[in-house]
Amino acid sequence: MLYPLLTKTRRVYDLSGVWNFTLGDHDPQRLLSSEELMVVPSSFNDVIVDKDKRNYIGDFWYERLVDLPSVSDTEELVIRFGSVTHQAKVYVNGTFLGEHRGGFTPFEIVIPDSFYQAGHIKLSVCVNNCLDKTTLPVGNYSEEVNEDGSVKKIVKENFDFFNYAGIHRPVKLIVRPKNHISDIAIKSVLSDDLKSADIEIAFTTSKSIDSYKITILDEDKHILTETSMNHIHLEQVRLWEVLDAYLYTARIETFCHGLLVDVFEERFGLRKVEVKEAQFLINNKPVYFKGFGKHEDTFINGRGLNEAANLMDLNLLKEIGANSFRTSHYPYSEEMMRLADRMGILVINEVPAVGLFHNFMASLDLDDKDNGTWNVMKTKEAHEQAIRELVKRDKNHPSVVMWVVANEPASHEEGAHDYFEPLVQLYRELDPEKRPVTLVNIMMATPDKDQVMDLVDVICLNRYYAWYVDHGDLKKGEDGLRKELLAWQEKFPKKPIIMTEYGADTLPGLHSSWDIPYTEEFQSAFYEMSHRVFDSLPNLVGEQVWNFADFETNLMLLRVQGNHKGLFSRNRQPKQVVRDFKERWRAIPNYHYKKK
Ligand code: GCB
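Counting starts from 1 at the beginning of each chain's written sequence and moves along it residue by residue. Whole-chain, interface and lining totals are the exception, using all residues; otherwise, since this is a predicted model, local features are given only for residues with pLDDT of at least 70 and side-chain atom pairs are given and counted only at 80 or more. Neither water nor hydrogens contribute to the side-chain values; these are computed over all heavy atoms in the structure.

- As named in an unreviewed UniProt entry, the protein is Beta-glucuronidase, taken from Streptococcus pseudoporcinus LQ 940-04.

Written out as structure tokens, the structure is:
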């Protein structure tokens with residue numbers, strides 16, 4: 001789906017701001033009172049302050065009046081939502097116009113012309129934050145009857161982050177041609193010496209056109225070439241490199257009867273991604289991933305778009321010597337993806353497939369006796385939709401170098417292979433660039449038990465030796481970690497391995513002479529141990545710490561006002577270990593770290 005850009009033929013108006021709001025029922029035929037207000041974009045949960053309301057599950061409403069710009073006969077009016085978590089129904093003047101399921105991808109609603117003759121509309125959005133075994137992420141849904149007979153809906157997250165909800169990303173009003181460019185897919189093939197590129201620009205339009213023109217521009221907006229074909233050959237190209245981004249622009253103009261109909265500009269980068277001989281190659285060079293699993297999570301905004309935090313995070317990421325992040329555990333905002341493109345940061349891009357593990361706690365206690373996940377989950381449809389929408393949205397981003405099919409599913413249980421095979425295949429079919437696909441493997445799915453890693457290109461592992469396993473015992477942790485990594489290397493000698501999560505909760509300011517868990521000293525010792533192991537493994541091509549920053553979670557025995565595995569606190573102050581990382585990561589080059 002195209003980003004809401006202002007061009008010669010398109011106008012974009014921002015509907016961010018303060019909307020009327022209510023939790024519970026509302027009849028969109030009537031005007032929603034302004035007793036309660038909410039900011040768009042943001043999560044409602046923390047802003048609303050009241051404790052019960054913070055944890056509310058069910059329908060809730062946003063509403064505002066919108067004065068409309070003029071729209072000519074050849075134009076249409078569209079409302080575009082960057083994301084609404086997790087489901088949205090959209091009404092204009094009380095009439096239902098469309099809905100979207102899935103809380104992390106954009107969608108559009110076209111407003112029929114009969115609605116905008118009056119010059120203004122009433123826009124109402126009914127949001128729902130229920131999660132169950134048909135949705136992604138997966139939630140454990142139940143109901144309780146209150147004393148007054150009313151029903152209270154409850155969702156226990158089947159994952160380790162707070163179920164923030166609301167209109168999380170910008171809402172835009174767009175006036176665009178009825179006959180518009182609806183999708184663009186840019187695929188480039190670099191020559192062997194990486195000096196020239198064959199670029200194929202495929203696009204679709206909502207109606208037929210007579211002709212089109214494609215112009216390629218450099219970063220300074222100088223025209224490099226113009227053509228009426230969708231194959232372009234570029235000589236002496238400048239590559240998109242890790243931490244040295246270069247973005248070209250493809251301007252597409254469509255014409256009917258010799259007149260301009262629509263213009264859109266899509267930015268793209270030229271770089272080659274390949275997995276070969278246990279290496280992850282970017283522009284033919286073996287890269288070493290240094291970075292983080294993250295969350296979209298800040299004070300006040302919750303999971304709502306916070307562009308200042310995004311930029312600060314990526315500045316901190318660069319400053320510490322890192323080069324990558326994973327969009328754990330859902331697609332991040334389009335704004336974040338565009339930022340990563342511009343800053344040359346590698347992104348491992350994940351769908352919200354988290355919680356695909358039935359009875360996780362029980363399986364920990366019962367040593368794996370529960371084998372029911374793939375009978376219980378009814379997520380296939382939501383999973384396919386999430387993959388389709390993610391590839392559609394992010395296929396042209398040079399920062400995206402790999403797709404994730406799921407985080408920590410029960411891939412050791414019967415049925416996992418059958419569940420994942422078509423989904424991995426779907427990524428491969430949809431992506432014009434055929435980027436590598438991975439699945440992020442959970443600690444129970446050890447090399448002897450896992451049933452799916454044969455399907456993917458890269459072995460991504462989340463491991464917590466000396467934390468969840470052999471808690472606090474760094475010696476045993478080191479032995480266990482090394483043994484398991486060697487077993488993976490032996491099982492899949494041609495596949496590179498990336499540690500996508502490793503970490504220890506740490507409370508800044510807590511100290512100990514004996515490396516006790518939760519202290520700053522333990523965190524340092526934990527990473528020192530892990531890195532010793534990583535450096536000894538030739539096929540391990542990346543380390544992504546869990547987590548970039550502390551983040552909010554649901555209530556659990558193991559969580560002290562959230563998860564504290566961040567290298568930074570939730571307000572982005574460094575813990576002591578950041579100094580160690582700076583030293584290590586600044587010394588590790590982006591390319592050719594592991595000499596084979
Ligand atoms: C994991 C999950 C992540 C958790 C983390 C933890 O394996 O992928 O969502 O937050 O462990 O800290 O327990």
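## Structural notes on the overall build of the protein
Item 1. In this description a helix means any DSSP run of H or I spanning at least four residues, a strand means any run of E spanning at least two, and both kinds are numbered starting from the N terminus. Looking only at helices and strands, one finds 11 helices and 32 strands in the protein.
Item 2. The globule rule used here is 2.2 Å times the number of residues to the 0.38 power, and the radius of gyration it is set against is calculated over C-alpha atoms. Taken against the 2.2 N^0.38 rule, which gives 25 Å for 596 residues, the C-alpha radius of gyration of the protein at 25 Å falls within 12% of a compact globule.
Item 3. Along the longest, intermediate and shortest principal axes, the C-alpha atoms of the protein span 75 × 75 × 45 Å.
Item 4. Pairs at least 24 apart in sequence give 71% of the contacts found in the protein among residues at least 6 apart.
Item 5. Carbon and sulfur atoms provide 50% of the accessible area of the protein, an area that totals close to 24,300 Å².
Item 6. Side-chain charges of the protein comprise 71 positive and 90 negative groups, with the mean position of each set lying 3 Å from the other. Any two residues whose heavy atoms approach within 4.5 Å at even a single point are treated as in contact. Working definition of accessibility: Shrake-Rupley area with a 1.4 Å probe, residue cover restricted to the visible protein chains. By the counting scheme adopted, Arg and Lys are positive, Glu and Asp are negative, and His together with the chain ends is not counted. Just so you know, the charge point we use is NZ for Lys, CZ for Arg, CG for Asp and CD for Glu.

## Remarks on the environment of V401
Item 1. Mapped onto the fold, V401 is located in strand β28 (residues 400-407).
Item 2. Counting along the chain gives 56 residues from V401 to D457, while the straight-line C-alpha distance between them is 12 Å.

## Overview of the packing of aromatic side chains
Item 1. Any pair of Phe, Tyr and Trp rings, taking the six-membered ring for Trp, is counted once the centres come within 6.5 Å. Such a pair is stacked with planes under 30 degrees apart, edge-to-face with planes over 60 apart, and tilted for the rest. Summed over all chains, the structure comprises 39 aromatic pairs.
Item 2. Consider the rings of W374 and F420, whose centres lie 5.4 Å apart with planes at 75 degrees: the pair is edge-to-face. Taken together, the residues W374 in helix α6 (residues 373-376) and F420 in helix α8 (residues 416-430) connect sequence positions 46 residues apart. Comparing W374 with F420 shows no difference in burial state: the two are buried.
Item 3. Three or more aromatic residues link up through ring pairs in this structure, and these residues are F292, W467, Y502, Y518, F522, F526, Y527, F534, F548, F568, F581 and W585.
Item 4. One Lys or Arg, R54, reaches over the ring of F162 and ends 4.4 Å from the middle of that ring.
Item 5. Only when the NZ atom of a Lys or the CZ atom of an Arg is both within 6 Å of the ring centre and within 35 degrees of the ring normal do we say a charge sits over the ring. Over the aromatic face of F299 sits the side chain of R570, whose NZ or CZ is 4.7 Å from the ring centroid. Exposure classes here rest on a 1.4 Å probe applied to the protein chains alone. A residue is buried below 20% of its type maximum, exposed above 50%, and partly exposed in between.

## With respect to the environment of K195
Item 1. Mapping K195 onto the fold places it in the loop between β15 (181-190) and β16 (197-205).
Item 2. Between the C-alpha atoms of K195 and L123, which are 72 residues apart in sequence, the distance is 51 Å.
Item 3. Dropping the residues within four chain positions of it, K195 is found in contact with L234, E235, Q236 and V237.

## Observations regarding the nonpolar core
Item 1. To define a nonpolar core, start from buried Ala, Val, Leu, Ile, Met, Phe, Trp, Tyr and Cys residues and group those joined through side-chain atoms within 4.5 Å. Residues L356, F420, L485 and L567 are the most contacted members of the largest nonpolar core, which totals 96 residues.
Item 2. If we skip the residues at most four places from it in the chain, L485 touches L461, I497, M499, V533, F534, L537 and L540.
Item 3. In this structure, Y116, I121, L123 and V125 belong to the second largest nonpolar core, which totals 34 residues.

## Description of the packing of helix α3 (residues 307-319) against helix α4 (residues 334-343)
Item 1. Working convention: axes come from line fits to C-alpha atoms, limited for helices to the stretch in contact. Angles between N-to-C directions cover 0 to 180 degrees. Relative to each other, α3 and α4 sit at 35 degrees, their axes nearing to 10 Å. Where α3 crosses over α4, the handedness of that crossing is right-handed. Between α3 and α4, the residues in contact are E307, N310, L311, L314, N315 and K318 and E335, M336, L339, A340 and M343, respectively.
Item 2. Polar here means any residue outside two lists: the nonpolar Ala, Val, Leu, Ile, Met, Phe, Trp, Tyr, Cys and Pro, and the charged Asp, Glu, Lys and Arg; Gly therefore counts as polar. For the contact of α3 with α4, the class distribution of residues is 6 nonpolar, 2 polar and 3 charged. The hand of a helix crossing depends on one turn: near helix anticlockwise from the far one by less than a right angle means left-handed, and clockwise means right-handed.

## Here we look at the site of the ligand
Item 1. Of all residues adjacent to the ligand, which total 13 residues, the nearest are D160, H329, E408, Y468 and K565.
Item 2. In the analysis that follows, any N or O atom pair within 3.5 Å is treated as a polar contact, provided that within protein one partner can donate a hydrogen and the other can accept it, and provided that, for residues neighboring in sequence, both atoms belong to side chains. A distance of 3.1 Å separates an oxygen atom of the ligand from a polar side-chain atom of R559.
Item 3. N563 is positioned with one of its side-chain polar atoms (N or O) 2.8 Å from an oxygen atom of the ligand.
Item 4. Protein burial of the ligand: of its 320 Å² of free accessible surface, 92% is covered by the chains.
Item 5. When its residues are assigned to classes, the shell around the ligand shows 4 nonpolar, 4 polar and 5 charged. In these notes, residues near a molecule or strand are those with any non-hydrogen atom within 4 Å of it.

## Thoughts on a nonpolar patch on the surface
Item 1. Patch members must show over 30% relative accessible area and no salt bridge, and they are joined within 9 Å when carrying like charges or within 5 Å when they are nonpolar side chains of Val, Leu, Ile, Met, Phe, Trp or Tyr. Each reported salt bridge corresponds to a side-chain nitrogen of Lys or Arg within 4 Å of a carboxyl oxygen of Asp or Glu. A contiguous nonpolar patch, built from V18, L37 and V39 and spanning about 250 Å² of accessible area, is present on the exposed surface.
Item 2. Within the secondary structure layout, L37 lies in strand β3 (residues 37-40).

## Concerning unusual backbone geometry
The phi torsion of most residues other than glycine is negative, and most of the peptide bonds are trans.
Item 1. At the junction of V40 and P41, the peptide bond is cis and its omega measures out at -5 degrees in the coordinates.
Item 2. When you line up the elements, P41 lands in the loop between β3 and α1 (44-47).
Item 3. With a phi angle near 50 degrees, Q236 is a residue other than glycine that sits in the positive phi range.
Item 4. For Q236, the location among the structural elements is in the loop between β19 (231-234) and β20 (248-256).

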